[in-house]
Amino acid sequence: MRFDELALSDDILDALDAMHFEECTPIQEQSIGPILDGYDMIACAQTGTGKTAAYLLPLIDMLSETEATPTVKCVIMVPTHELAQQIDRQMEGFAYYMPVSSLAIHGGNDGKEFARQQHALRQGADMVIATPGRLLAHMKMGYVDLSHVKYFVLDEADRMLDMGFSDDIMRIVAELPKDRQTLMFSATMPKKIQQLAATILTDPIEVKIAVSRPADKIDQSVYICHEGQKAALLKNLFDQGYNKRVIVFSSSKQKVKELTQVMRRSKWKAAEMHSDLDQKAREEVMLDFRSGRIEILIATDILARGIDIDDIAMVVNYDVPHEAEDYVHRIGRTARANTDGKAVTFVSERDQQRWAQIEDFLGSEIRRDDIPAELGEGPQYNPRRRGGKNGRGGARGNRQHTGNRHRSGKTKETKPKAATAQQPDAAQKTDVTPDNAKTRRRKPRYHRKKNKPTDTPKAE
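Not measured: the values here are computed from a predicted model.

**Considerations on a negative patch on the surface**
Here is step 1: On the surface, a cluster of negative charge is made up of Asp10, Asp11, Asp14 and Asp17.
Here is step 2: Secondary-structure assignment places Asp10 in helix α1 (residues 10-18).

See the structure below:
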């Protein structure tokens, strides 16, 4: 369907024409009409399908017809600073010919920017695009009036709940008029999203676009490897020439920081991106990456959604994502705008079960690439046998029960013989710390003697 077949105003169509937008995506085709008709909506579609335009276009159209008053008429809640800024930029383009104002409210900036946001909120804006925490900070100071809000949008709702914003969202909802129109857009639809929708939406229309498979132009491959081989494998990929316009996704902020240091010591132009960075630092990193001063971006899933970068050459899953949808979101950063791309995933023993679930979702087995001989052999791929907490599978991950009992009466676990899977040589280990690499002290065991522990613990 073409945009000019929808009931959008001529000014909106002129802006779309200037931006060379002609055809609707499926989520836009199914959402714009019902939103214009005033229905509440819960929509599920993956990142990159055009969700932002699906709600921005009808909202701009409806806001342009409202009376010009110095009040906030629309609130859009988003999980991150970057997404708030991105939506605000898109808003400027779509509303170029329309008398509709917008304001991005987010944290991670200095006092001068906070004062600017404060002044703008006092003056009123048609549309406020905000992160929950920063909007609440302004609301607590007493000058934010949300009593005139007609439209309320939750974008990336699942991610906001994952980040712990549920209570903040409900505090903001409590300040909104009951007769508003509420729209909820999410990439996934877990039970907690359905529960939230039942709480804040009224007789919503449901729009669900199935999570599509990765683009055909993405060359996907996987290495079955030990945890200690991952950093060397990554360097090997870079040595092969895959070292520009690369995003490496890791599972934790700590691992991102450590891996970035490892790559920098190897003279690669790498930078880190995670939630510990303030807004100014994040913007500098993204600017350096877009300009080419940084060639490799090592990040948490903060970059998996809502970040518009079109020319990514390769995505590396240093750690297997927890959900199949997250895998699609991550590798969807490459092969955009009808270009070719490459996606590589490192699967350690403890991640094999999750990887098997991802392949089941994709409906096919991803090509296995061999680990270079100089890095040693990898483990056997056996996803039915889940790796233990030490990532080796077997030793701690497959404990067996015996008839021995703890004082509590529960069965005591005893270790079986060490797993036989070959591990990488010590020389291959890196200083990248796995998620589970914490110093653990074993609790001392005590002999029972007349129902009392002895004063001196027995050495194990």
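**Description of the packing of helix α6 (residues 132-139) against helix α8 (residues 166-174)**
Here is step 1: It is at 10 Å that the axes of α6 and α8 come closest, and there the two elements cross at 45 degrees. By the criterion of interaxial angle, the relationship of α6 to α8 is oblique. Crossing angle aside, the handedness with which α6 passes α8 is left-handed. Here Pro132, Gly133, Leu135, Leu136 and Met139 of α6 come into contact with α8, specifically with Asp168, Arg171 and Ile172.
Here is step 2: Class assignment of the residues belonging to the contact of α6 with α8 gives a composition of 5 nonpolar, 1 polar and 2 charged.

**A word on the sheet that holds strand β9 (residues 246-249)**
Here is step 1: Taken in spatial order, the 7 strands line up as β10-β11-β9-β12-β13-β8-β14 in an open sheet, and their pairing is parallel. One side of each edge strand has no neighbouring strand; the edge strands of this open sheet are β10 (270-273) and β14 (367-368).
Here is step 2: Of the strands in this sheet, β8 (218-224), β9, β11 (296-299), β12 (314-317) and β13 (341-347) are in contact with helix α10 (residues 230-239), which crosses β13 at around 160 degrees.
Here is step 3: Each of β8, β9, β12 and β13 is contacted by helix α13 (residues 324-331), which is oriented at about 150 degrees to β12, the strand it contacts most.

**Some details on helix α11 (residues 253-265)**
Here is step 1: A rise of 1.5 Å per residue sets the reference length of α11, with its 13 residues, at 18 Å; its end C-alpha atoms lie 19 Å apart and thus fit the reference within 8%.
Here is step 2: Residues of α11 that are buried include every one of Lys255, Val256, Glu258, Leu259, Thr260, Val262 and Met263, and no others.
Here is step 3: For α11, the secondary structure elements touched by its buried residues are α10, β9, β10 and β11.
Here is step 4: Lys267, located one to two residues past α11, shows a positive phi value of around 75 degrees.

**Regarding the sheet that holds strand β5 (residues 151-154)**
Here is step 1: Read across the open sheet, the 7 strands follow the order β3-β4-β2-β5-β6-β1-β7; overall the sheet is parallel. Two strands bound the open sheet, and with one partner strand each, they are β3 (102-105) and β7 (205-208). Adjacent strand axes in the sheet meet at a mean angle of 15 degrees, parallel and antiparallel pairs treated alike.
Here is step 2: The pairing of strand β1 (residues 41-44) with β7 spans 4 bridges and is parallel. What sits directly across from Met41, in β7, is Ile205.
Here is step 3: The strands touched by helix α4 (residues 81-94) are β3 and β4 (127-130); relative to β3, the strand with the most contacts, the crossing angle is about 170 degrees.

**A short note on the nonpolar core**
Here is step 1: Ranked by internal contacts, the top residues of the largest apolar core, which has 41 residues, are Tyr55 and Phe185.
Here is step 2: The biggest single contributor to this core is helix α3 (residues 51-63), with 9 residues.
Here is step 3: Leaving out residues up to four positions away in the same chain, Tyr55 has contacts with Ile35, Ile76, Ile87, Val153, Asp155, Leu183 and Phe185.
Here is step 4: Core analysis: the next-biggest nonpolar cluster, separate from the first, contains 35 residues, Met139, Val173, Leu176 and Leu201 among them.

**Focus on the packing of α10 against α11**
Here is step 1: It is the contact of α10 with α11, at a shortest axis distance of 11 Å, that shows an interaxial angle of 45 degrees. Compared by their axis directions, α10 and α11 come out oblique. Here α10 runs over α11; the crossing is right-handed. Touching Ala231, Leu234, Lys235 and Phe238 of α10 are Leu259, Val262 and Met263, all from α11.
Here is step 2: Of the residues in the contact of α10 with α11, the class split is 6 nonpolar, no polar and 1 charged.

Procedures and definitions
Residues numbered from 1 in each chain as written. Predicted model: local features only at pLDDT ≥ 70, side-chain atom pairs only at ≥ 80, totals over all residues. Heavy atoms only, no water. Patch = residues over 30% accessible without salt bridge, like charges linked within 9 Å, V, L, I, M, F, W, Y side chains within 5 Å. Areas by Shrake-Rupley, 256 points an atom, 1.4 Å probe, with all protein chains shown as cover. Salt bridge = Lys/Arg side-chain N within 4 Å of Asp/Glu carboxyl O. Lys, Arg positive; Asp, Glu negative; His and termini not counted. Charge placed at Lys NZ, Arg CZ, Asp CG, Glu CD. Helix = DSSP H or I, 4+ residues; strand = E, 2+ residues; numbered from the N terminus. Axes fitted to C-alpha atoms, helices over the stretch in contact; angles between N-to-C directions. Parallel < 35°, antiparallel > 145°, perpendicular 65-115°, else oblique. Left-handed = near helix turned anticlockwise from the far one by under 90°. Contact = heavy atoms within 4.5 Å. Nonpolar A, V, L, I, M, F, W, Y, C, P; charged D, E, K, R; others polar. Pairing = 2+ DSSP bridges. Expected span 1.5 Å × (residues − 1). Buried < 20%, exposed > 50% of the residue type's maximum accessible area, 1.4 Å probe, protein only. Core = buried A, V, L, I, M, F, W, Y, C linked by side-chain atoms within 4.5 Å.

In short, shape yes, function no, at least from these values alone.
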